[in-house]
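Here are the chains, one letter per residue:
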Amino acid sequence: MISVTCVAPVNIALIKYWGKRHEDLILPINDSISMTLSTDELCAKTTVTASETFEQNRMWLNGDEVPFEEGSRLTRCLKEVHRLALANGSQKVSPSWKIHIASVNNFPTAAGLASSAAGYACLVYSLARLYDIPLSEELTTVARQGSGSACRSLYGGFVQWHRGALDNGSDSVAKQIASSKHWPNMHVLILVVNDERKKTASTKGMQQAVKTSQLIRHRADKVVPERIAQLTDAIEKRDFQTFAEITMKDSNQFHAIALDTYPPCVYMNDVSHKIASFVHSYNEIMGSLHAAYTFDAGPNACLYVLEENVPELLDAVQKVFPSDSMDSGTYLRGLSVPKVDSTPKIGDVHKTKIDILDINARNAFRYIIHTKVGEGPKELSDNNSLMINGLPLGD
Ligand code: DP6
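Residues numbered from 1 in each chain as written. Predicted model: local features only at pLDDT ≥ 70, side-chain atom pairs only at ≥ 80, totals over all residues. Heavy atoms only, no water.

- In the nomenclature of an unreviewed UniProt entry, the protein chain corresponds to Diphosphomevalonate decarboxylase from the organism Drosophila rhopaloa.
- As recorded by UniProt, the Sequence similarities (unreviewed entry) comment attached to the protein chain reads in full: "Belongs to the diphosphomevalonate decarboxylase family."
- Reading the Function (unreviewed entry) entry of the UniProt record for the protein chain gives the comment "Catalyzes the ATP dependent decarboxylation of (R)-5-diphosphomevalonate to form isopentenyl diphosphate (IPP). Functions in the mevalonate (MVA) pathway leading to isopentenyl diphosphate (IPP), a key precursor for the biosynthesis of isoprenoids and sterol synthesis." (UniProt positions renumbered as here; feature names shortened; annotations may be inferred.)

Next up, the structure:
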């Protein structure tokens, strides 16, 4: 019996992937760029065990067994890894041995964060470690076939997924633009919004968009290529102003496409819109862009902010969106934030202006996670295993 345990990060798109040109191979109609978040706060963790004695492939997700169906994204990833193992002449584990997989997220799935991206990246990375396959662009094509955005979670820092042009998808790969060390003070506040509405899943939403939106072609052909070039340049120069502007505009355009879909997909709710307006007012008060929002296929906001500006931004967020649980110890999660002296002083124009911002909504968030740019997946030592004798712990 041989076992490997790894963690893989969540990534949040700055330029969104939305729309496929091939459903099964998961080939996108446009390039996308994301930032990988630190695994210290948010990650998927996976243990894969292979044994000559296992009778069938099995998988447990957050403790519950999930079927290993023929033709599913899961079996497709496993087949692709086996193909790479053969091509690499990997001898470590025979691909004929069945495997057992246990995977968990260290954050609630209900938080609506990109759990499938971290999950598939972790699965593919762990299998690669098991079969001794090195991390490569080719490996990102395997993660891509689990969930498109997962290919970007195989690298840390800032990552571009190239749409590619070939029909077989071999050039639809993720590449790192810059490592996490390039812009280490890039932090993120995730505002997890209270929302119980049933939303259209990403896979379905983008399918409908490609079928019915008249704006999506213009976005894919014209807008995204220009933005990719501008954002790459902004990341290289650590130019937060351009970074913030493109990120917010691209989030807005993605949601405009979602609304242009018929029937429309509504992902942002009233609180999400209040957050977006708050960020614009805040930036105006500060005199330059100090924060940038982005929203995925749900109401939660990710605010990008430089480390030195986190305390002031968080203070303003809490003034405008006060919560009864503010001091509960579980409301503010992740990296600690130094306290700011929020009493406005004479001559301190910013604080005085923030003080007069209206309270927008009370108890609008379940909690806030403070995290930052981080590294790609990594293998952990055996004492972190989620399985014992090939079965999930506690089973
Ligand atoms: C809005 O990668 O979840 O988060 O490829 O169908 O599994 P599938 O979709 P998925 O879509 C992510 C969409 C997004 C934008 C992004 O991450 O780029």
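### As for the environment of Val 266
Step number 1: Relative to the helices and strands, Val 266 resides in the loop between helix H6 (240-260) and helix H7 (270-286).
Step number 2: Apart from residues lying up to four places away in sequence, Val 266 is in contact with Arg 197, Lys 199 and Leu 259. (Helix = DSSP H or I, 4+ residues; strand = E, 2+ residues; numbered from the N terminus. Contact = heavy atoms within 4.5 Å.)

### Here we look at the pairing of strand S10 (residues 158-161)
Step number 1: Residues Phe 158 and Gln 160 line one face of S10 and the alternating positions Val 159 and Trp 161 line the opposite face, and both faces are buried.
Step number 2: Looking at chain direction, strand S5 (residues 32-36) and S10 are connected through four bridges and run antiparallel. If you follow Ser 34 over to S10, its bridge partner there is Val 159.
Step number 3: Here S10 runs beside strand S11 (residues 174-178); their pairing, made up of four bridges, is antiparallel. Bridge pairing links Val 159 to Gln 176 in S11. (Buried < 20%, exposed > 50% of the residue type's maximum accessible area, 1.4 Å probe, protein only. Pairing = 2+ DSSP bridges.)

### Comments concerning the side chain of His 290
Step number 1: Inspection of the secondary structure assignment puts His 290 in the loop between H7 and strand S13 (292-294).
Step number 2: Aside from chain neighbours lying at most four places away, what touches His 290 is Phe 240, Tyr 282, Asn 283, Tyr 304, Val 305 and Asn 309.

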